[in-house]
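Analysis of the macromolecular model
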Amino acid sequence: RASAELQPLDSTVSDSERFRDCKPLFISCTSCRAPFEFGGIQASKRYQVTFSGVKCLSCQQVLSPLAISSQLEHFLRHEISTYYAGWLVCDDCGVKTRQVSVYGRRCIGKNGKAYGCKGIMRYIYPDKQLYNQLLYAMSLFDVDKAKKRLLKPLTADLGVEDKENKLVPMNQGELDALVEQNRESFKTYQMVIDKYLTECGRRYVDMGGIFEFMSVFKR
Ligand SMILES: [Zn+2]
Ligand SMILES: [Zn+2]
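Model, not experiment: these values are computed from the prediction. (Residues numbered from 1 in each chain as written. Chains lettered and ligands numbered in written order. Predicted model: local features only at pLDDT ≥ 70, side-chain atom pairs only at ≥ 80, totals over all residues. Heavy atoms only, no water.)

1. Let's talk about helix 3 (residues 127–140)
Since the α-helix advances by 3.6 residues per turn, residues separated by three or four positions end up pointing in the same direction. The terminal C-alpha atoms of helix 3 lie 20 Å apart, and with 14 residues this matches the ideal 20 Å at 1.5 Å per residue to within 8%. Counted residue by residue, helix 3 has twelve buried out of 14 residues, so it is predominantly covered. For helix 3, every residue scored as buried is listed here: Asp127, Leu130, Tyr131, Asn132, Gln133, Leu134, Leu135, Tyr136, Ala137, Met138, Ser139 and Leu140. (Helix = DSSP H or I, 4+ residues; strand = E, 2+ residues; numbered from the N terminus. Expected span 1.5 Å × (residues − 1). Buried < 20%, exposed > 50% of the residue type's maximum accessible area, 1.4 Å probe, protein only.)

Structure (structure tokens):
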């Protein structure tokens, strides 16, 4: 499943661009149940990163680190299991299957006998996408990126923003202080993600190179 399209991290590509197609990480408040899109340390109308942790703005409850790490794990497990499910789709007729035909990537066709369609089967969830998704999750807890305002903007806030409803960006002093205050706890969340990256690399030899390369916490 290793893909030739995979390329080393290009530092000239912004997070907005690189993670354009990534699924947002939604966290539900453990008190009022309101879900919010978590985008790291940046301004949002739904949550706020404070000196004591991530606070839900619907009910002002500060979420426990365990509540965040368990929801983060749930998100990662879901992405990884979707990837391992290995569904293929034909780029021509759109037929879906989990079987790779004996004819390689040739479309199995509606009749399953590899004739009637000249299309090529591709993974619905390619390895590059999983890799990107894990990178995206990692970036959300990257405090140095937050400090330089390089995080991908929240998609949930984009649509609702207008002149009266403007999202005020944090001032740099406040941002710097929040970054230092949350550095250690955010590193703990990154280690949760790193555990999955390492696991993927070990289980799938042809992906090992990719995931080993990107693992942040080398042992
Ligand atoms: Zn709440
Ligand atoms: Zn086809």
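2. Observations regarding the coordination of the zinc ion (ligand 1)
Ideal values differ by geometry: the angle at a metal is 109.5 degrees with four tetrahedral donors, but 90 or 180 degrees with six octahedral donors. Here the zinc ion (ligand 1) is held by the protein donor atoms Cys29 (SG), Cys32 (SG), Cys56 (SG) and Cys59 (SG), which lie 2.3 Å from it. Here the zinc ion (ligand 1) is ringed by four donor atoms whose angles at the metal span 104 to 116°, and the overall shape comes out tetrahedral. Donor residues binding the zinc ion (ligand 1) come from one chain and are separated in sequence as C-x2-C-x23-C-x2-C. Here cysteine 29 falls in the buried class, since its relative accessible area comes to 0%. (Donors = N, O, S within 2.8 Å, 3.2 Å for Na, K, Ca; no water. Tetrahedral: all angles 85-135°; square planar, octahedral: opposite > 155°, others 65-115°.)

3. Notes on the nonpolar core
Of all hydrophobic cores here, the largest spans 43 residues; its most connected members are Phe38, Ile41, Leu76 and Phe141. For this core, the secondary structure elements donating two or more residues are strand 1 (25–28), strand 2 (35–38), strand 3 (47–50), strand 4 (53–56), helix 2 (65–85), helix 3, helix 4 (143–147) and helix 6 (172–203). Ranked by the residues each element gives to this core, the list is headed by helix 6, at nine residues. Isoleucine 41 has contacts with Val49, Val143, Ala146, Leu151, Met170, Leu175, Leu178, Val179, Asn182 and Phe186, leaving out every residue within four places of it along the chain. Core analysis: the next-biggest nonpolar cluster, separate from the first, contains seven residues, Leu88, Cys90, Val95 and Met121 among them. (Core = buried A, V, L, I, M, F, W, Y, C linked by side-chain atoms within 4.5 Å. Contact = heavy atoms within 4.5 Å.)

4. A word on the coordination of the zinc ion (ligand 2)
For the zinc ion (ligand 2), the full set of protein donor atoms is Cys90 (SG), Cys93 (SG), Cys107 (SG) and Cys117 (SG), and the range of their distances to it is 2.3 to 2.4 Å. Bound by four donor atoms, the zinc ion (ligand 2) shows angles of 103 to 115° at the metal and therefore tetrahedral coordination geometry. Mapped onto the polypeptide sequence, the residues donating to the zinc ion (ligand 2) form the spacing pattern C-x2-C-x13-C-x9-C. Pair noted here: cysteine 90 is in strand 5 (residues 88–90) and cysteine 107 is in the loop between strand 6 (96–97) and strand 7 (121–123), with a separation of 17 residues, a long-range link. No difference in accessibility class separates cysteine 90 from cysteine 107, as the two residues are buried.

5. Some thoughts on the pattern of salt bridges
Enumeration according to the criterion identifies eleven salt bridges in this entry. Between arginine 20 and glutamate 17 there is a salt bridge, and its shortest N-O distance comes to 3.0 Å. On the basis of relative accessibility, which here comes to 42%, the residue glutamate 17 falls in the partly exposed class. Salt-bridge contacts for lysine 195 lead to glutamate 73; the nearest nitrogen and oxygen are separated by 3.4 Å. Linking lysine 195 in helix 6 with glutamate 73 in helix 2, this pair joins segments that are 122 residues apart in sequence. We classify lysine 195 as partly exposed; its relative accessible area is 39%. Accessibility expressed as a relative area gives 18% for glutamate 73, which makes it buried. Here the residues in one salt-bridge network are Asp144, Lys147, Glu180 and Arg183, joined through shared partners. (Salt bridge = Lys/Arg side-chain N within 4 Å of Asp/Glu carboxyl O.)

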